[in-house]
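Here is how the chains run, residue by residue.
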Amino acid sequence: MAEKPQPVEVLYCGVCGLPAEYCEFGSEFEKCKPWLIQNAPDLYPDLLKDANGKDADKVSDQLQSTSISEGSSTSKQEEVKRLPGGKIKKKERQEIVIEKVTRNRRKSITTIKGLDLFGVKLSDASKKLGKKFATGASVVKGPTEKEQIDVQGDISYDIVDFITETWRDVPASAVFFIEDGKKVPAV
């Protein structure tokens, strides 16, 4: 009877997280070299020839000091902001959300959120929307304390075309409608 094949144990790099055999293809190979010399000398014999035991310590110290001076470790900490209680603040996605709110049974208001994330000045945008659809439009603070545009009436039928034609930086794939509490792509 044949023996069962045993699972292969893979050594993962402590610096980049890739399998040690693939470190040379990663973007942080220079940072991985000292770790590879210490933990996997048989995989990269060229590294062992280049740096003897003493040189490896010097190289690792040098790389650690340069990574701190470049600010790569601090930039990762800056990207992830923590709120009180340890919650991580997510980076805001660039998307435009259009919602139609009905009031007094027949009146409706169309709110446009996220237009400012594409570099559009909201006061100019509200003027253009008011002129195009012949209605009142204003910039107001929403429930999340972020500014949004409120337009009187139901203009959801033409709003996507108008936004993508007027502001070329806004892709149609970034525009969403809120229907029945669910976010639905406009395109």
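The shown structure was predicted, so the numbers you read here are calculated from the model rather than taken from an experiment. (Residues numbered from 1 in each chain as written. Predicted model: local features only at pLDDT ≥ 70, side-chain atom pairs only at ≥ 80, totals over all residues. Heavy atoms only, no water.)

So, on to the overall build of the protein. Check the secondary structure of the protein and you find six helices and eight strands. Each helix (α) and strand (β) of the protein, taken in turn from the N terminus, gives the series α-α-α-α-β-β-β-β-α-β-β-α-β-β. In the protein, which comprises 187 residues, the proportion classed as buried is 28%. As displayed, the protein has an accessible area near 13,900 Å², and 50% of this comes from carbon and sulfur atoms. (Helix = DSSP H or I, 4+ residues; strand = E, 2+ residues; numbered from the N terminus. Buried < 20%, exposed > 50% of the residue type's maximum accessible area, 1.4 Å probe, protein only. Areas by Shrake-Rupley, 256 points an atom, 1.4 Å probe, with all protein chains shown as cover.)

One pair of aromatic rings is described through two measures. These are the centre distance and the angle between the planes. All chains considered together, the criterion is met by three aromatic pairs. Aromatic side chains phenylalanine 162 and tryptophan 167 sit 6.0 Å apart centroid to centroid with 85 degrees between the ring planes, which places their arrangement in the edge-to-face category. Taken together, the ring pairs connect Phe133, Phe162 and Trp167 into an aromatic cluster. The aromatic ring of phenylalanine 176 is capped on one face by lysine 183, whose charged end is 5.7 Å from the ring centroid. (Phe/Tyr/Trp six-rings, centres within 6.5 Å; stacked < 30°, edge-to-face > 60°. Lys NZ or Arg CZ within 6 Å of the ring centre and 35° of its normal.)

Our focus in this paragraph is the confidence of the model for the protein. In the predicted model, the protein carries a mean pLDDT of 79, and the fraction of residues at 70 or more is 76%. Residue range residues 67–78 is modelled with pLDDT below 50. Its contacts to residues more than four positions away, or to other chains, number five contacts. (pLDDT = per-residue confidence, 0-100. Contact = heavy atoms within 4.5 Å.)

Turning to unusual backbone geometry, a few remarks are in order. Here arginine 105, not a glycine, exhibits a phi torsion of approximately 65 degrees, which is positive. Checked against the element boundaries, arginine 105 lands in the loop between β3 (96–103) and β4 (107–113). Phi at glutamate 145 is positive, roughly 65 degrees, even though this residue is not glycine. Take glutamate 145: it is sitting in the loop between β5 (137–141) and β6 (147–152).

This part is about the sheet that holds strand β8 (residues 182–185). Taking strand neighbours across the sheet as the criterion, the six strands line up as β5-β6-β4-β3-β7-β8 in an open arrangement whose pairing is mixed. Among the strands making up the open sheet, the edge pair consists of β5 and β8. Between one strand and the next, the sheet's axes are offset by a mean angle of 30 degrees, whatever the strand orientation. Inspection of the sheet shows β3 paired to strand β7 (residues 175–179) by four bridges, in the parallel sense. Each residue of the ladder has a partner; that of valine 97, found in β7, is phenylalanine 176. Across the sheet, helix α5 (residues 122–133) lies against β4, β5 and β6, angled at about 10 degrees from β6, the strand it touches most. Against the sheet, helix α6 (residues 159–166) contacts β3, β4 and β7, and its axis sits at roughly 145 degrees relative to β3. (Pairing = 2+ DSSP bridges. Axes fitted to C-alpha atoms, helices over the stretch in contact; angles between N-to-C directions.)

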